[in-house]
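Spelled out from the first residue to the last, the chains are:
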Amino acid sequence: MEHSLFSKPRDLFLDVVNPKDYVHIDSISHIYQSLKSSVQKPLKMILLFGRPGTGKSMLLHKLHHDLSKYQKVFMFDIPIVDEDDFLRVLAERIFTYSSHEMITLTRFLEIAKDAAYSDTPIVLLDEAQLYSSSLMEKIRLISDARVIKFVITLHKTDKEEIIAKEHFQTRIWESIELQNATAEELKIYVQKKLLKANCFDVANMFNDKNIKLVASLTKGNFRETNKLLFSLFSLYCWYEENNPALIQYNALKSKWIEMAAIHTGLIHA
Amino acid sequence: MLNIQNLERRWLKYKIKSYSPYILGVVALLTLLIAVAFSKNDIQREPKETALSPSNPTPEASSTLLEPSMDFIRSFQTAAPSNEPPKATLQKNAQPVREPLPIPKLVTIPPPDLSDEKSFSLNRNESKLDIETLERRFKETSNANLGLFIARYHYDHGNYSEAYNFALKTNSISNKIEESWIIFAKSLVKLGRAEQAKKTLQFYITDSNSEAARALLDTIERGTFK
């Protein structure tokens, strides 16, 4: 099993957010560049939104990875839902102010003023739809005071759009929307990921028909594609060990792609 | 943990379910065809009965058969005048269409096509950079599978001389990759060297007995290769 041809490709599609696994796709690269340039502008807030699995978290991690080399950037990928904790953790991580007492918003702004950073620190908040309205209001006030620049990600649903409108409509902010990939983009994503890891023979197995099937099943969603391909290569590992004669090495079997889709719940059978 | 037997069963169920509308459609169509065929048979039988009826000595039967059809003809005649004008216009319309006139000239497609190509070339520039890095990696690693990938990429993008070069390199690294030989021969045909492509394929077929190569040779010899 260890020497399986398919175990490496399988592990590549584990749904883990790692900026080193970031794959350049034309449309996403374009969005990333505009996000990077937005961060340099004197905007108070930047909103990154899209449906779950469109790559928001990955972009945020990539931004953190790239900017942290020369700028004060702080990543909060797990939301701090407790309002008292939020300001305390922020003060501790950004301004190295540790206190066990509750920090009020006024106190927090004073701490920020005392720190007197030449560049406004950037805070990246993932899954911001989990923050309460009152906490969002605090975030808005902090960004208004220009002591911190926030880049936040939101899931795109009707409810969250209302939150976004309420809190950011009157602010100087930029919103960037991420969308699902097309079949052509998905093909580039899958092949680049495989080629990056030297899985040339498996990359060669993907033909246009296979990609179209994957794209139609996952609707171009990166997370769903990762899940589907992880299951697919798990299936290939099983067949390689138990029934290798069934494997065709020139193309992927549509039947097995559909079986993987059944396993991941993309097909209800 | 994967339960392959269970997955296979669920997949079969899913396939039957997904094909069932088509199967039902085909069955419905067949029953409709059969019904039409039977009704035609019935219509053909009916005139026989009427033909037989005059020879029958009973005159009551023949009168009952004729009466309804007379009504139908009458109703048809009353409806006829309203139907006549459209028929005439149709015939009038049909005649000028036969003359070879300006319709083909009006179909001018080029402008949208050109804009499409422009936007496409932008995307290609990005992917061109990628293929260059892959080519560099191929130079370093001499991996036959990567060579095949690049050859296939170039062939798909219409760069036949590049496809030829990379297929050739791939073949020299490993001469057992069928697809690489196929791309090599196809590129040769596209480059106008069909004879060399045939010779290469013949040589490869004697060596490997490849069915795909034989099929390709066939299409080249018949001149049906596109």
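Everything numeric here is computed off the predicted structure, so don't read it as measured data. (Residues numbered from 1 in each chain as written. Chains lettered and ligands numbered in written order. Predicted model: local features only at pLDDT ≥ 70, side-chain atom pairs only at ≥ 80, totals over all residues. Heavy atoms only, no water.)

Peer 1: Quick question: what am I supposed to make of the overall build of chain B here?
Peer 2: The helix and strand inventory of chain B stands at nine helices and zero strands. Ordered by position from N to C terminus, the α and β elements of chain B give α-α-α-α-α-α-α-α-α. Relative to its 226 residues, chain B shows a buried fraction of 23%. For chain B, contacts bridging at least 24 residues in sequence account for 44% of all contacts bridging at least 6. Total accessible area on chain B stands at roughly 17,000 Å², and carbon and sulfur atoms take up 61% of it. (Helix = DSSP H or I, 4+ residues; strand = E, 2+ residues; numbered from the N terminus. Buried < 20%, exposed > 50% of the residue type's maximum accessible area, 1.4 Å probe, protein only. Contact = heavy atoms within 4.5 Å. Areas by Shrake-Rupley, 256 points an atom, 1.4 Å probe, with all protein chains shown as cover.)

Peer 1: It is not clear to me how the interface of chain A and chain B should be interpreted in this structure. Could you clarify?
Peer 2: The extent of an interface is frequently quoted as the accessible surface area lost upon association of the parts. In this assembly, 24 residues from chain A lie in contact with 21 residues from chain B. Here chain A and chain B share two salt bridges between them. Between K15(B) and E258(A) there is a salt bridge, and its shortest N-O distance comes to 3.3 Å. Our count for the chain A to chain B interface comes out at nine residue pairs in polar contact (both at pLDDT 80 or more). Those elements giving two or more residues to the side of chain A that touches chain B turn out to be α8 (183–196), α9 (200–205), α11 (222–242) and α12 (254–264) of chain A. Taken together, the residues that form the side of chain A that touches chain B break down as 11 nonpolar, seven polar and six charged. (Salt bridge = Lys/Arg side-chain N within 4 Å of Asp/Glu carboxyl O. Polar contact = N/O pair within 3.5 Å; in protein donor to acceptor, adjacent residues only side chain to side chain. Nonpolar A, V, L, I, M, F, W, Y, C, P; charged D, E, K, R; others polar.)

Peer 1: Before we go on, may I ask you to explain a nonpolar patch on the surface in this structure?
Peer 2: Residues V26(B), L29(B), L30(B), L33(B), I34(B) and F38(B) make up a contiguous nonpolar surface patch of roughly 620 Å² in combined accessible area. Examined against the element boundaries, L29(B) turns out to sit in helix α1 (residues 4–52). (Patch = residues over 30% accessible without salt bridge, like charges linked within 9 Å, V, L, I, M, F, W, Y side chains within 5 Å.)

Peer 1: Explanation requested: the pattern of salt bridges in the structure shown.
Peer 2: As a working rule, side chains carrying opposite charge can pair if their charged atoms are close by. Residues and elements named next belong to chain A. Applying the stated rule across the entire model yields 17 salt bridges over all chains. The salt bridge involving R140 is made with E137; its shortest N-O contact spans 2.2 Å. A residue pair is termed a helical-turn pair when its members lie 3 or 4 positions apart in one helix, as R140 and E137 do in helix α6 (residues 133–144) at three residues. A residue is classified by how much of its surface remains accessible, and R140, at 12% relative accessible area, is buried. Residue E137 is classed as partly exposed on the basis of its relative accessible area of 30%. K227 serves as the salt-bridge partner of E224, at 3.5 Å between the closest nitrogen and oxygen. Remark: K227 and E224 occur in helix α11; sequence separation between them is three residues, near one turn of the helix. Through salt bridges with shared partners, a single network forms among E137, R140 and D144.

Peer 1: When you look at the pairing of strand β2 (residues 73–76) of chain A in this model, what are you seeing that I'm missing?
Peer 2: Regular strands show a simple pattern: their side chains alternate between the two faces of the sheet. Residue and element names in this part refer to chain A. Where burial is concerned, the two faces of β2 agree: the one with V73 and M75 and the one with F74 and F76 are both buried. Pairing of β2 with strand β3 (residues 122–125), which is carried by four bridges, proceeds in the parallel orientation. The partner of V73 across the bridge, within β3, is I122. (Pairing = 2+ DSSP bridges.)

Peer 1: Is there a simple way to think about the packing of aromatic side chains in this case?
Peer 2: Taken as a whole, this structure holds 20 aromatic pairs over all chains when the rule is applied. Ring pairing ties together the aromatic residues F6(A), F13(A), F206(A), F233(A), Y236(A), W238(A), Y239(A), Y249(A) and W256(A), which thus form one cluster. Taking the ring centre of W11(B) as reference, the NZ or CZ of K255(A) above it sits at 4.9 Å. In this structure, K169(B) packs its charged tip against the face of F166(B), placed 4.6 Å from the ring centre. (Phe/Tyr/Trp six-rings, centres within 6.5 Å; stacked < 30°, edge-to-face > 60°. Lys NZ or Arg CZ within 6 Å of the ring centre and 35° of its normal.)

Peer 1: Is there a simple way to think about the confidence of the model for chain B in this case?
Peer 2: Detailed conclusions should not be drawn from predicted coordinates in areas where pLDDT is low. All names here are of chain B. Summarising the model, chain B shows a mean pLDDT of 73, and 62% of its residues fall at 70 or more. No element of chain B has a lower mean pLDDT than helix α3 (residues 103–106), which averages 42, and none a higher one than helix α7 (residues 178–190), which averages 92. pLDDT under 50 marks residues 49–66. Its contacts with residues more than four places away, or in other chains, come to three contacts. The model gives residues 79–125 a pLDDT under 50, and that stretch makes two contacts with residues more than four places away or in other chains. The complex model carries a pTM of 0.65, and its ipTM stands at 0.76. (pLDDT = per-residue confidence, 0-100.)

Peer 1: Before we go on, may I ask you to explain the pairing of β3(A) in this structure?
Peer 2: All names here are of chain A. Burial of β3 is two-sided: the residues I122 and L124 facing one way and the residues V123 and L125 facing the other way are all buried. Relative to strand β4 (residues 149–155), β3 runs parallel, the two being bridged by four bridges. Within β4, the residue paired with L124 across the bridge is V151. With respect to chirality, the unit in which β3 leads through α6 into the neighbouring parallel β4 is right-handed. (Right-handed = clockwise from strand over helix to strand, strands pointing away.)

Peer 1: Explain the packing of helix α5 (residues 144–156) of chain B against helix α6 (residues 160–173) of chain B to me, please; I cannot follow it from the model alone.
Peer 2: For any two helices packed against each other, the geometry is given by the interaxial angle and the distance between the axes. Residues and elements named next belong to chain B. Packing of α5 against α6 brings their axes to within 8 Å, and their N-to-C directions diverge by 160°. In terms of their interaxial angle, α5 and α6 are classed as roughly antiparallel. Note that α5 runs across α6; the crossing there is left-handed. In this structure, α5 uses A144, G147, L148, I150, A151, H154 and Y155 to contact α6, whose residues at the interface are Y160, E162, A163, F166, A167, T170 and I173. Counted by class, the contact of α5 with α6 contains 10 nonpolar, three polar and one charged residues. (Axes fitted to C-alpha atoms, helices over the stretch in contact; angles between N-to-C directions. Parallel < 35°, antiparallel > 145°, perpendicular 65-115°, else oblique. Left-handed = near helix turned anticlockwise from the far one by under 90°.)

Peer 1: Honestly, helix α2 (residues 26–40) of chain A in this entry has me stumped. Any pointers?
Peer 2: Structural remark: α-helix, 3.6 residues per turn; residues separated by three or four positions point the same way. Taking 1.5 Å as the rise per residue, α2(A) with 15 residues should run 21 Å; its terminal C-alpha atoms sit 22 Å apart, in good agreement. Turning to α2(A), the residues buried within the fold contact β1 (45–50), α3 (56–67), β3, β4, β5 (173–178) and α11 of chain A. (Expected span 1.5 Å × (residues − 1).)

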